[in-house]
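# Report on the structure
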Amino acid sequence: MRLDRFLANLPCYNRQQVRLLLVQRRVRVDGIVAADPLTPVREFSRVEVDEQLLQAGRPARYLMLNKPAGYVSATLDPQHRTVLELLPAEMREDLHIAGRLDFNTTGLLILTNDGQWSRRLTQPTTKLPKHYLVETEDDIGPHYAATFQQGLYFAFENLTTLPAQLDILGPRRARLAIVEGRYHQVKRMFGHFDNKVVGLHRESMGAIRLDPGLAPGAYRALTDEEVAGV
Ligand code: URA
């Protein structure tokens, strides 16, 4: 929400008083004087007028987890262990998953309480590539790359996938970069050639790479640089 609306919504100020507060440079957002009425105020922002705290702002949290196989990318599941269970109980509250992985897919999983940030990471329009290491049951043909580059029609969603980059690493091993995260997307892309994916591991999302120091099941906070790169 913009700062002037945030302030005017409070019972203590009318719109004229808000304009005056801003002009008099009495409002601070995250410790910095904010005179622009359009300054964004989020649930994470600390807002002060003079020495009065109007909103403390809850801390924004960003984690990377090395997802092991055999965990559901969900916050709750009646049957299986969830990735949230890999975190201490006190850390789980209000986190959501930015780009889910299938039950047996391993690798980079990002958890956050910042919905605006996670949308930037996952929305196809931002075109952030997600890199996957893929192992298949049958040999990968040299013609796959051109088909993936062109896009594949997914009838269920009635869409054509955005161009994807395939690098063949071995007869049954490849690295695939996709900018979307459609349901079972990688498996369905290889399924187009009747080639079953038998191993799938996410290495990176945009500039965020899975930390090689993280054992399966381990997690760490993202650095400020990793958060800012999205
Ligand atoms: N594509 C898939 O098919 N599965 C995943 O877990 C991720 C991408």
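As named in an unreviewed UniProt entry, the protein is Pseudouridine synthase, taken from Pseudomonas capeferrum. In UniProt, the protein has this text filed under Function (unreviewed entry): "Responsible for synthesis of pseudouridine from uracil-516 in 16S ribosomal RNA." You can read under Catalytic activity (unreviewed entry) in the UniProt record for the protein the words "uridine(516) in 16S rRNA = pseudouridine(516) in 16S rRNA".

Right, let's get into the site of the ligand. Taken together, Leu101, Asp102, Thr105, Tyr132, His184, Gln185, Val186, Lys187 and Leu200 make up all the residues around the ligand. Interatomic distance of 3.4 Å between a backbone N/O atom of Gln185 and an oxygen atom of the ligand. The separation between a nitrogen atom of the ligand and a polar main-chain atom of Val186 is 3.1 Å. A total of 240 Å² of accessible area belongs to the ligand in isolation, and the protein chains cover 95% of it. When residues in the shell around the ligand are grouped by element, the largest group, three residues, is from helix 6 (residues 185-191). The class makeup of the residues in the shell around the ligand is four nonpolar, three polar and two charged. Mapped onto the domain boundaries, the shell around the ligand takes at least three residues apiece from domain 2 (62-118 + 212-223) and domain 3 (129-205).

Attention now moves to the pairing of strand 5 (residues 62-67). With six of its six residues buried, strand 5 lies for the most part within the structure. The two faces of strand 5 match: Tyr62, Met64 and Asn66 on one face and Leu63, Leu65 and Lys67 on the other face are all buried. Here strand 5 runs beside strand 15 (residues 219-221); their pairing, made up of three bridges, is antiparallel. Looking at the pairing, Leu65 lines up with Tyr219 of strand 15.

On to the environment of Tyr144, then. Tracing the backbone shows Tyr144 in helix 5 (residues 144-150). Separated by 23 residues in the primary sequence, Tyr144 and Leu121 have C-alpha atoms spaced 26 Å apart. Residues within four places of Tyr144 in sequence aside, it is in contact with Asp139, Leu166, Phe190, Phe193 and Asn195.

A few words now on the pairing of strand 12 (residues 173-178). Across six bridges, the pairing between strand 8 (residues 130-136) and strand 12 is antiparallel. Of the residues in strand 12, the one forming a bridge with Val134 is Ala174. Judged from the five bridges that link them, strand 11 (residues 165-170) and strand 12 form a sheet pairing that is antiparallel. Among the inter-strand pairings, Asp167 is bridged to a residue of strand 12, identified as Arg175. Linking two consecutive strands that pair antiparallel, namely strand 11 and strand 12, is a turn of two residues.

Reading the values: the criteria
Residues numbered from 1 in each chain as written. Predicted model: local features only at pLDDT ≥ 70, side-chain atom pairs only at ≥ 80, totals over all residues. Heavy atoms only, no water. UniProt positions renumbered as here; feature names shortened; annotations may be inferred. Near = heavy atom within 4 Å. Polar contact = N/O pair within 3.5 Å; in protein donor to acceptor, adjacent residues only side chain to side chain. Areas by Shrake-Rupley, 256 points an atom, 1.4 Å probe, with all protein chains shown as cover. Helix = DSSP H or I, 4+ residues; strand = E, 2+ residues; numbered from the N terminus. Nonpolar A, V, L, I, M, F, W, Y, C, P; charged D, E, K, R; others polar. Domains from an automatic or database assignment. Buried < 20%, exposed > 50% of the residue type's maximum accessible area, 1.4 Å probe, protein only. Pairing = 2+ DSSP bridges. Contact = heavy atoms within 4.5 Å.

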